[in-house]
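As a plain string of letters, each chain reads:
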Protein chains: 2
Amino acid sequence: MNNVVFVFTKLVVVISLLISASITFAGELITQKQSFHLENFTTFNGATLPEVNVGWESYGQLNQDKSNVVLITHHFSGTSHAAGKYNVNDAQVGYWDSIIGPGKAIDTNKYFVISVDTLANLNAFDPNVITTGPASINPKTNQAYGLTFPVVTIRDFVNVQRALLTSLGITKLHAVVGASMGSMQAIEWASAYPEQVERMISVIGVGNTDAWTVASLEHWARPIRHDVNWNQGNYYNGEKPTTGLISSLMLITQYATYPEFINSVEPNHTPLQSGPLNDINQTYKVVDWLEGRAAARAKLADANHLLYLVRASQTFQAGFKQTLESGLKKVTAKTLFLPAKNDLLLLPYQAKLAHDTLVKLGKRSEFALIEPKSPSAGHLDGLTQVASKENTIREFLATP
Amino acid sequence: MNNVVFVFTKLVVVISLLISASITFAGELITQKQSFHLENFTTFNGATLPEVNVGWESYGQLNQDKSNVVLITHHFSGTSHAAGKYNVNDAQVGYWDSIIGPGKAIDTNKYFVISVDTLANLNAFDPNVITTGPASINPKTNQAYGLTFPVVTIRDFVNVQRALLTSLGITKLHAVVGASMGSMQAIEWASAYPEQVERMISVIGVGNTDAWTVASLEHWARPIRHDVNWNQGNYYNGEKPTTGLISSLMLITQYATYPEFINSVEPNHTPLQSGPLNDINQTYKVVDWLEGRAAARAKLADANHLLYLVRASQTFQAGFKQTLESGLKKVTAKTLFLPAKNDLLLLPYQAKLAHDTLVKLGKRSEFALIEPKSPSAGHLDGLTQVASKENTIREFLATP
């Protein structure tokens, strides 16, 4: 009987998804990955990619005049899977499912919510990710690009999204909303294409990457570059630089979280564990946990892609002008900044600077801190605690 | 004429130092490195080192009943050069010269201030450091210890200091004062040898190393362990793991400082530097600065020593008992905790926990935050801004 229900469910879901990009079934938001293909894409720094393929998904229905679009731009280690499930039986929902869905802050009964995998997406080997990056085959050489892939920027991620939206006949965004590296894309949309963006929400974000953040990102790249298997990015036919990639992902987890979070993982931690106390080559349970988590993530990730996302994040300045102020000058969108109070990765002063600059330029900008809930996840409170700003987001989206 | 003055100055200094460990000359505190030798030292975990040699220096005069001793215990990348100069012409003074000297918070007109290089001191190749660690020659094999050196703990650093003090006839400390890893030693003194310690000051410190901090320290070790030249610690007859050591020191500088500090290094930083924008293998000026600083420090440092200091810091719990509370139970010293408000390495909650535990146990403990001065150096405000607590320290030392 259960099998019959399951098959029927699947059938309904498949048929419905053929008609629409997403459905709600038994209270669950169900979506599917779609693919967008683009030829001869020119990057911000003038290189040409013969082809670009990216995945995307959507939730809710596009209205007739295509005026209800909310674009979600994803974070460094994220994908376009922002909400819902692919199957009712999936164990996981998209990362911002707490605020995207029927009746939620970003209400899919009202808005057509769409999200796109970035270029050089970290999770290149995730079957649910479609991306073009250093691990992709260059159609001109039939070899993986490796480091011949051009440096890509936040502007390029935005331009790929814009090409997809154009192909769907969408010329205006009711809002663009993103967390962390996603917030860079959101503010870049508002800066580069002001006539297309009505509202912008930056969660745990920055308006430009300062020297401190450039340096902090560089530490993520070094373990990969120093892995002997990295081989200047040419590892696709041999051993992968997995050790370096794991070290990098361990470091990212540390500073994307917060002491309370890591301490909650090992509530019985003691510095006097016999292994590490007696043997320099043994380590702690919490380190094993951190390494295990990183190793699991490394299986789906590409090391070169990580380097390219580091660089995309390092090269970011809203509007890509001489200064932050000149880059934000054309913004017409109403903006909302939601940094996380305990963020150790992108400290709240950075969102404050972008907000203050907009205010100084006479723009309409709002600012509120995401308060932690114990155990605080630091930067990641922007993903896990974002629903604490549900009303702020709902109202921001509902008003002109 | 200047030469004559210089030679005369040197002569006076040398003669004076033969008589006393330090002198004040033309307003400058002049000290010298001395050496302490110890045989058959047994470590906390039961290993025996056939010999230990450590450097030490002192400032001020030991009084007749040897009751005016203030021991300074040094931080991870520090040495026993806490104050003064070796020569009037030295460009640099010891790291805490702002609070140690004639008339200063730790007044060398009143106190005999002494400091000792730790075991496995990071700066093994600094001509002014004397230390025994993995880079030392094992007299039993005539080879460098490498990883055959036993894990050493904060308790071992304290026990070496205690042996030196005993050799000088000193049985009581008016106070023990340390920053960061030095504060671990200070609180360990008060916990393990309560009858010998009257006052304890912990600057930017912790009472025990929690899971978060164990993990954050592990990131310092990984670049060294993954450097091909590291070779399981056997590199003393070949190429050194300098690349890994530099990456580690870069990471340490990042999180021992603060955004304002790194941003002040490159006030004209722009994310749009042409090199990194166009070439994945080029990098930013601020990264070059960070790497250059690390490379300079790496010349004097030993990679294995760094691993052993990481481990000494990871294995720390005051008193080395089952819990922090049981470890602090025997403390009789009056204690003072001075964490730095902007510390990203050892966040102030850690000093607060040690302080609160002592208060809960009915001990006399005080707590005050070191406020930043722009540009804040984060954790390192404990070194650079400590003089802002001059009066607090002076009064704490002057009262019973």
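Here the structure is a predicted model, which is why all the values come from computation and not from measurement. (Residues numbered from 1 in each chain as written. Chains lettered and ligands numbered in written order. Predicted model: local features only at pLDDT ≥ 70, side-chain atom pairs only at ≥ 80, totals over all residues. Heavy atoms only, no water.)

### Describing the packing of aromatic side chains
Residues and elements named next belong to chain A. In the structure shown here, the tally under the stated rule is 21 aromatic pairs over all chains. Each ring, one from Tyr95 and one from Trp96, has its centre 5.7 Å from the other, and the planes form 40°; the classification is tilted. The side chain of Lys352 reaches across the aromatic face of Phe367, ending 6.0 Å from its centre. (Phe/Tyr/Trp six-rings, centres within 6.5 Å; stacked < 30°, edge-to-face > 60°. Lys NZ or Arg CZ within 6 Å of the ring centre and 35° of its normal.)

### Re the interface of chain B and chain A
Interfaces are frequently sized by the accessible area removed from exposure as the parts join. At the interface, 61 residues of chain B touch 61 residues of chain A. Both sides together, the interface formed by chain B and chain A hides about 5300 Å², and carbon and sulfur atoms give 64% of it. Where chain B touches chain A, the interface holds 2 salt bridges. Taking the shortest distance from any N to any O, the salt bridge between Arg222 of chain B and Glu291 of chain A comes out at 3.6 Å. Our count for the contact surface shared by chain B and chain A stands at 34 residue pairs in polar contact (both at pLDDT 80 or more). (Contact = heavy atoms within 4.5 Å. Buried area = accessible area lost by both parts, 1.4 Å probe. Salt bridge = Lys/Arg side-chain N within 4 Å of Asp/Glu carboxyl O. Polar contact = N/O pair within 3.5 Å; in protein donor to acceptor, adjacent residues only side chain to side chain.)

### Overview of the pattern of salt bridges
Scanning the model with the defined rule gives 22 salt bridges over all chains in all. A salt bridge links Lys104 of chain A to Asp97 of chain A; the nearest nitrogen and oxygen atoms lie 3.0 Å apart. Asp97 of chain A gets classed as buried once you look at its relative accessible area, which sits at 15%. The partner of Glu371 of chain B in a salt bridge is Lys341 of chain B, and the shortest N-O contact between them spans 3.6 Å. Pair noted here: Glu371 of chain B is in the loop between strand E14 (365-367) and helix H12 (381-384) and Lys341 of chain B is in the loop between strand E13 (334-338) and helix H11 (349-360), with a separation of 30 residues, a long-range link. Using a relative accessible area of 41% as the deciding quantity, one classes Glu371 of chain B as partly exposed. Here Lys341 of chain B falls in the partly exposed class, since its relative accessible area comes to 44%. In this structure, a network of salt bridges that share partners links the residues Lys33, Glu57 and Asp117 of chain A. (Buried < 20%, exposed > 50% of the residue type's maximum accessible area, 1.4 Å probe, protein only. Helix = DSSP H or I, 4+ residues; strand = E, 2+ residues; numbered from the N terminus.)

### What about the relation of the copies chain B and chain A?
By a simple turn and slide, chain B fits onto chain A: the slide is 0.0 Å along the axis, the RMSD is 0.0 Å, and the turn is 180°. Here the transformation between the copies is reduced to the relation of a two-fold axis. Taking C-alpha positions as the reference, the residue of chain B nearest the rotation axis is Pro223 of chain B, at 3.2 Å. (Least-squares fit on C-alpha atoms with pLDDT ≥ 70 in both.)

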